[in-house]
Amino acid sequence: MQEKENAYKMTQRYAKEMDHSDALASCRQQFLFPKHGKKDAIYLCGNSLGLQPKEAKTLIEQELNDWAKYGVEGHFEAKNPWFAYHTFFTESLAKLVGATNKEVVAMNTLTVNLHLLMLSFYRPSKQRYKIIMEAGAFPSDMYAMETQAKLHGFDPADAIIEIAPRAGEHCIRLSDIEDAIQKNKSSLALVMFGGVNYYTGQYFDIEKIVQMTHDAGALAGFDLAHAIGNKALHLHDWKVDFACWCSYKYLNSGPGAVGGAFVHEKHIKNKNTFRLAGWWGHDAKTRFKMKKGFKPMQSAESWQMSNAQVFNMIALRASLNIFDQVSMQELADKSYHLTAYAEFLLKQLTHLKFEIITPSNPAERGCQLSLLFKSKGKEVFKALQENGVIADWREPNVIRIAPVPLYNSYQDIYAMYKIMKDCNV
Ligand SMILES: *Cc1c(COP(=O)(O)O)cnc(C)c1O
């Protein structure tokens, strides 16, 4: 990999050559790109909302047709029977997060899943009630932690410990997470982190955080919104207790689409694990007997309350059909180079006053770079917009770009660079 990296060049011809030798180049054809005038926009916003897989429309029409044709019988007679619709995601999701089929389920939305899993795995006592989380987490996660602490009668200011980057730094040091865990060893209930921080793009060492947390006698949960479909994950082997995610970012399933959850096998097998129940979490064999007495399925499906939200899930199937064709290793390799190429080009832009706050070590990041501007950030963002680049602006002065290996090209990255190079602000 290193050889290629030393050879990165600042020419469009080079970017074109890279695209020609890209094993994943054909995946791009399977997505629809927004237009800028007559041309495809340069879409670098897959960390916010992934592009629409072309197949989504056909698959949605399939279910609309089966609904028209069968009515209620579609639950069993549809080509993809709706009573089992959530199971059509299991294998692909398990592969993406490194889990057994029993440990994952597609359901609800991210924040809802976070709350449901916390009801199972944040069971504080007077002695053990503290939550360690990253400072600057996504607001939904902050509000979830705050209200979970309150639900159990704790003062969030006392119960929640936030780990922040040190003064003058942008990313969180693993050693600072470790120190906080050690310091709160006897009162710690839960360590809840993102996989990849949405703002800086920092990827955390999930395996190490789990080890340190378990050594302190607490549980470890992760919000994988920015990690799933971005980094190769091994949740089962890393002994992660629980995790949840949304699928409209790198998993391209459309706005507000179904989220997902992971629960480690050991908690599924544990008879004392509590979960709020609904009929779809009940043992499938006796579900339709409609009897009293909840008997959980022996899988993460037991956290499902309701029957599958079919129309909110279809596009995810279209996207996973594309993920199924590639290996996480192929994706990781391209992600490494595409992001490193973007970093290489951005570093040439000395006339613009920004620093890249995403870690430069590829092991500590995915396919996102966050550019913190000292000045003129908004003007640069406008120039990108006006020239057909869709990126993301975060107050007060950050531009986030996500070179997504599944559908972005080296020429996309070069085009972004050229616009910024010609930008006189
Ligand atoms: C995108 C994102 C969310 C959004 O939550 P929803 O419940 O899907 O609206 C929450 N947390 C993180 C870390 C995110 O990146």
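Remember, it's a predicted structure, so these values are computed and weren't measured experimentally. (Residues numbered from 1 in each chain as written. Predicted model: local features only at pLDDT ≥ 70, side-chain atom pairs only at ≥ 80, totals over all residues. Heavy atoms only, no water.)

Asks: Help me out: how do you make sense of the site of the ligand in this one?
Replies: Near the ligand the following residues occur: Leu110, Thr111, Phe138, Asp141, Asp223, Ala225, His226, Cys246, Tyr248 and Lys249. Here Tyr248 contributes a side-chain N or O atom positioned 2.6 Å from an oxygen atom of the ligand. If the ligand stood free it would expose 390 Å²; the protein chains cover 82% of that surface. Class assignment of the residues belonging to the shell around the ligand gives a composition of five nonpolar, two polar and three charged. (Near = heavy atom within 4 Å. Polar contact = N/O pair within 3.5 Å; in protein donor to acceptor, adjacent residues only side chain to side chain. Areas by Shrake-Rupley, 256 points an atom, 1.4 Å probe, with all protein chains shown as cover. Nonpolar A, V, L, I, M, F, W, Y, C, P; charged D, E, K, R; others polar.)

Asks: Would you take a moment to explain the environment of Phe204 for this structure?
Replies: By secondary structure assignment, the location of Phe204 is in the loop between β9 (188-194) and α10 (206-215). Of the residues examined, Phe204 reaches a relative accessible area of 3% and is grouped as buried. In sequence terms Phe204 and Glu364 are 160 residues apart; their C-alpha atoms lie 6.5 Å from each other. Beyond its immediate stretch of four places on either side in the chain, Phe204 contacts Glu134, Ile172, Ile177, Phe193, Gly194, Gly195, Asn197 and Ile209. (Helix = DSSP H or I, 4+ residues; strand = E, 2+ residues; numbered from the N terminus. Buried < 20%, exposed > 50% of the residue type's maximum accessible area, 1.4 Å probe, protein only. Contact = heavy atoms within 4.5 Å.)

Asks: What is the right way to look at helix α5 (residues 90-97) in this model?
Replies: Note that an α-helix has 3.6 residues per turn; residues three or four places apart therefore point the same way. The buried fraction of α5 amounts to six of the eight residues, a majority that puts the element mostly inside the structure. Listing the buried residues of α5 in full gives Thr90, Ser92, Leu93, Ala94, Leu96 and Val97. In this fold, the buried residues of α5 make contact with β6 (104-106), β11 (242-245), α12 (314-323) and α13 (328-346). In the segment just after α5, Gly98 is the residue with positive phi, at about 70°.

Asks: Looking at this structure, I do not really get the packing of helix α6 (residues 110-121) against helix α7 (residues 139-151). What am I missing?
Replies: Where α6 contacts α7, the axes come no closer than 10 Å and their chain directions differ by 30°. Between α6 and α7, the interaxial angle falls into the category roughly parallel. The crossing of α6 and α7 is right-handed. Between α6, through Thr111, Leu114, His115, Met118 and Leu119, and α7, the contact on the second element is made entirely by Ser140, Asp141, Ala144, Met145, Thr147, Gln148 and Leu151. Residue classes in the contact of α6 with α7 are distributed as six nonpolar, five polar and one charged. (Axes fitted to C-alpha atoms, helices over the stretch in contact; angles between N-to-C directions. Parallel < 35°, antiparallel > 145°, perpendicular 65-115°, else oblique. Left-handed = near helix turned anticlockwise from the far one by under 90°.)

Asks: For this particular structure, what's the right way to read a nonpolar patch on the surface?
Replies: A cluster of nonpolar residues, Phe76, Phe83, Trp279, Phe288 and Met290, forms a patch on the protein surface that exposes about 540 Å² of accessible area. Looking at where Met290 falls in the secondary structure, it is placed in the loop between α11 (265-269) and α12. (Patch = residues over 30% accessible without salt bridge, like charges linked within 9 Å, V, L, I, M, F, W, Y side chains within 5 Å. Salt bridge = Lys/Arg side-chain N within 4 Å of Asp/Glu carboxyl O.)

Asks: Just checking my understanding: could you explain the nonpolar core for this structure?
Replies: The tendency in soluble globular proteins is for nonpolar side chains to be buried as a group. One finds Phe193, Phe222 and Leu406 to be the most contacted residues of the largest nonpolar core, which totals 68 residues. If you tally residues by element for this core, the top one is α12, at five residues. The two domains that each donate at least three residues to this core are domain 1 (2-32 + 328-421) and domain 2 (62-323). With sequence-adjacent residues up to four places away left out, Leu406 is seen in contact with Leu24, Cys27, Arg28, Phe31, Asn252, Ile322, Phe323, Val326 and Leu331. (Core = buried A, V, L, I, M, F, W, Y, C linked by side-chain atoms within 4.5 Å. Domains from an automatic or database assignment.)

Asks: Explain the domain arrangement of the protein to me, please; I cannot follow it from the model alone.
Replies: Interface size is commonly expressed as the accessible surface area that is lost when the partners come together. Domain parsing of the protein yields domain 1 (2-32 + 328-421) and domain 2 (62-323). Listed per partner, the contact involves 28 residues of domain 1 and 19 residues of domain 2. With both chains or domains summed, domain 1 and domain 2 bury close to 1900 Å², and 61% of this area falls on carbon and sulfur atoms. Here domain 1 is connected to domain 2 by zero salt bridges. Summed over the shared surface of domain 1 and domain 2, the number is nine residue pairs in polar contact (both at pLDDT 80 or more). For the side of domain 1 that touches domain 2, the secondary structure elements donating two or more residues are α13, β14 (369-373) and β17 (398-401). (Buried area = accessible area lost by both parts, 1.4 Å probe.)

Asks: I tried to follow the packing of aromatic side chains on my own but got confused; where do I start?
Replies: To describe a pair of aromatic rings, you give the distance between the ring centres and the angle between the ring planes. Scanning the model with the defined rule gives 24 aromatic pairs in all. Aromatic side chains Tyr43 and Tyr407 sit 6.4 Å apart centroid to centroid with 55° between the ring planes, which places their arrangement in the tilted category. One end of the pair, Tyr43, is in strand β4 (residues 42-43); the other, Tyr407, is in the loop between β17 and α15 (410-421), with 364 residues separating them in the sequence. The pair Tyr43 / Tyr407 is uniform in exposure class, with both members buried. With 5.8 Å between their ring centres and 55° between their planes, Tyr341 and Tyr410 make a pair best called tilted. Of this pair, Tyr341 sits in helix α13 while Tyr410 sits in helix α15, and the two are 69 residues apart along the sequence. A relative accessible area of 3% places Tyr410 in the buried class. An aromatic cluster of three or more residues is present, and its members are Tyr8, Tyr14, Tyr341, Phe344 and Tyr410. Its guanidinium or amino end placed over the ring of Phe138, Lys249 lies 5.0 Å from that ring's centre, counting from NZ or CZ. (Phe/Tyr/Trp six-rings, centres within 6.5 Å; stacked < 30°, edge-to-face > 60°. Lys NZ or Arg CZ within 6 Å of the ring centre and 35° of its normal.)

Asks: Any chance you could explain the sheet that holds strand β8 (residues 160-163) here in plain terms?
Replies: Strand pairing in a sheet relies on backbone hydrogen bonds, with the paired strands running either antiparallel or parallel. Strands sit in the order β6-β12-β11-β10-β9-β7-β8 across an open sheet of seven strands; the sheet is mixed. For this open sheet the edge positions go to β6 and β8, each flanked by a neighbour on one side alone. Going across the sheet, the axis of each strand differs from the next one's by a mean of 15°, ignoring polarity. Sheet topology note: the strand β7 (residues 130-134)/β9 ladder contains four bridges and is parallel. Within β9, the residue paired with Lys130 across the bridge is Leu188. Packing of α6 onto the sheet brings it into contact with β7, β9, β10 (219-223), β11 and β12 (260-263), and relative to β11 it is tilted by some 165°. Packed onto the sheet, α10 meets β9 and β10 and runs at close to 150° relative to β10. (Pairing = 2+ DSSP bridges.)

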